[in-house]
Amino acid sequence: MFFLCDASGFYSSAEKVMRPDLRKKPVITLSNNDGCVVAVCPIAKRLGIKKFVPYFQVKDVVEKYGVTVTSSNYELYHSLSTKMMDTIGQFADDVYVYSIDEVFARFNTALSHESWMALGREIRKTVWKEVRLPVGAGGGLTPTLAKAASHAGKRLPGYNGVAVIHSEQERVNILEQMDVTDVWGVGRRLGQKLRTLGINKALQLSQQSPARIRKQFSIILENTVRELNGELRIHWDDVRPDKQQIYSTRTFGTRVTTKAELHKAITGHCESAMRKLRKQRGLTKAITVFASNSPHDDARYYRKSVYHQFAIPTMDTRIVTNAIPAVIDKIYKPGICFYRCGVGLVEILSAANYQADLFAENKDNPKLMNVLDAVNDRYGKSTLQIASKGFTKTHEMKRQFITQRATTRWSDIPTIQC
DNA sequence: TCTGGGGTCCTAGGACCC
DNA sequence: TCTGGGGTCCTAGGACCC
């Protein structure tokens, strides 16, 4: 049995952990640069505020109902996420952390439907008691069914956050009430295509012939169909599979127009992407570097991406950043107000399997990179950095409503006045 | 007054080469 | 001289997830 546990409106609910006075009030949380709404607490949901809409579009509702708005405080969320995952992990034989607020828990035992429901409620209660986060729990024989149950637990009447798909009757009951686009892995576009075939509900998708779905769509959707029928297709190992591509990208707080500023930002993205690469003990053969203005600006849309290959696969940040000036020359265009840029490591191989070329001169310095990573892990990002990133924070992120990092900084510990 | 996220994977199609 | 198939590399952009 799999359970999917996730927090409702995680970022916003995390803010309430430190602000119990807001517990019964609506809270929403914004993305980087305070651009979009990315989390909506259950109370704010009832006001009709949707995720992923630009903040300025909900400002009226925010003011009308006195909704509390916060910027994203990742330090706080990561620390609360860890506590939440640890708490849930104590129940399960095995867990797989899927995202900051979602975890799959695996159980190797057989229980009755009622006992699974009781377990779900127990998890929910315990996480609330220990971390003060509202979580839902959905159980099923496959991860896709667990996801569906979790959806039902939250959206369908009568479940109160916990649902289990154990019997055929329960499976049919829940899937026939679920829109096909609510199935894990079916987005807007696939949904449209399925609808033209008359497949509107999750149950209908589960009744399709897997072979036909594979032919008409993909092996991925075939697996979804099989999982909806209780056939296990999604597996995970103890370790998360290595990424095939790693990206670091961000929008600027204010538009960037000079080559020097663009260079600094891209250097920073090289640093963080390469840090992630070394975490999975990888080497990269090629990168793409890209920058664009905003599609919402009046100016014509400009987007440029440049692919750059290295003679020898590398894990050394310096090798990558040394290639940047030449790449930037191909991207930068005077007069463009750059809004976003980023770096992707797009051809990754594993250092363990890589057979080095005896005759090539490898300039990587793994020891230096180890020191770089160790120092930055211990003393904070950019304690040691590549000089071309610059030492002044010129393109700082807009975070008008940032809260205290109450669980990770001595200086931010909340005080209680009696 | 101005304001529109981030990450990963996949693929169509053009450019280029043989 | 004109015409042609097939492969690889690269870029843009779509699709999905949160």
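From a predicted model like this one, the values you see are computed outputs, not experimental measurements.

**Quick notes on the domain arrangement of chain A**
Split by domain assignment, chain A resolves into domain 1 (2–168) and domain 2 (246–389). Using only C-alpha atoms to locate each centre, domain 1 and domain 2 end up separated by 34 Å.

**Some words on the protein's contact with DNA strand B**
Taken together, 22 residues form the shell around DNA strand B, and within it Gln245, Tyr247, Thr249, Arg250 and Tyr339 come nearest. Within 4 Å of the protein, atoms of DNA strand B come from sugar and phosphate in 60% of cases. Between Tyr247 and DNA strand B, the recorded distance is 2.6 Å, taken from a backbone N or O atom to a phosphate oxygen. Here a phosphate oxygen of DNA strand B sits 2.8 Å away from a polar atom, N or O, in the main chain of Thr249. Put simply, the parts of the chain that give the surface near DNA strand B at least two residues each are strand E9 (246–256) and strand E12 (338–345). By residue number, the principal contributor to the surface near DNA strand B is E9, which donates 7 residues. Looking at side-chain class alone, the surface near DNA strand B contains 7 nonpolar, 9 polar and 6 charged residues.

**Remarks on the layout of surface pockets**
Roughly 290 Å³ of volume is contained in the second largest pocket. Together, 15 residues line the second largest pocket, and Lys16, Arg23, Pro42, Trp128 and Pro134 are the ones closest to its centre. At the level of elements, helix H1 (10–18), helix H2 (42–45) and helix H5 (113–131) are the ones that each hand at least two residues to the lining of the second largest pocket. Ranked by residues supplied to the lining of the second largest pocket, first place goes to H1 with 3 residues. Among the residues forming the lining of the second largest pocket, the class breakdown is 8 nonpolar, 1 polar and 6 charged.

About the thresholds
Residues numbered from 1 in each chain as written. Chains lettered and ligands numbered in written order. Predicted model: local features only at pLDDT ≥ 70, side-chain atom pairs only at ≥ 80, totals over all residues. Heavy atoms only, no water. Domains from an automatic or database assignment. Near = heavy atom within 4 Å. Polar contact = N/O pair within 3.5 Å; in protein donor to acceptor, adjacent residues only side chain to side chain. Helix = DSSP H or I, 4+ residues; strand = E, 2+ residues; numbered from the N terminus. Nonpolar A, V, L, I, M, F, W, Y, C, P; charged D, E, K, R; others polar. 1 Å grid on protein atoms, 1.4 Å probe; cavity = no way out; pocket = protein on both sides within 12 Å on 5 of 7 lines; lining within 4 Å. Points joined across faces, edges and corners; volume = space filled by probe spheres on them.

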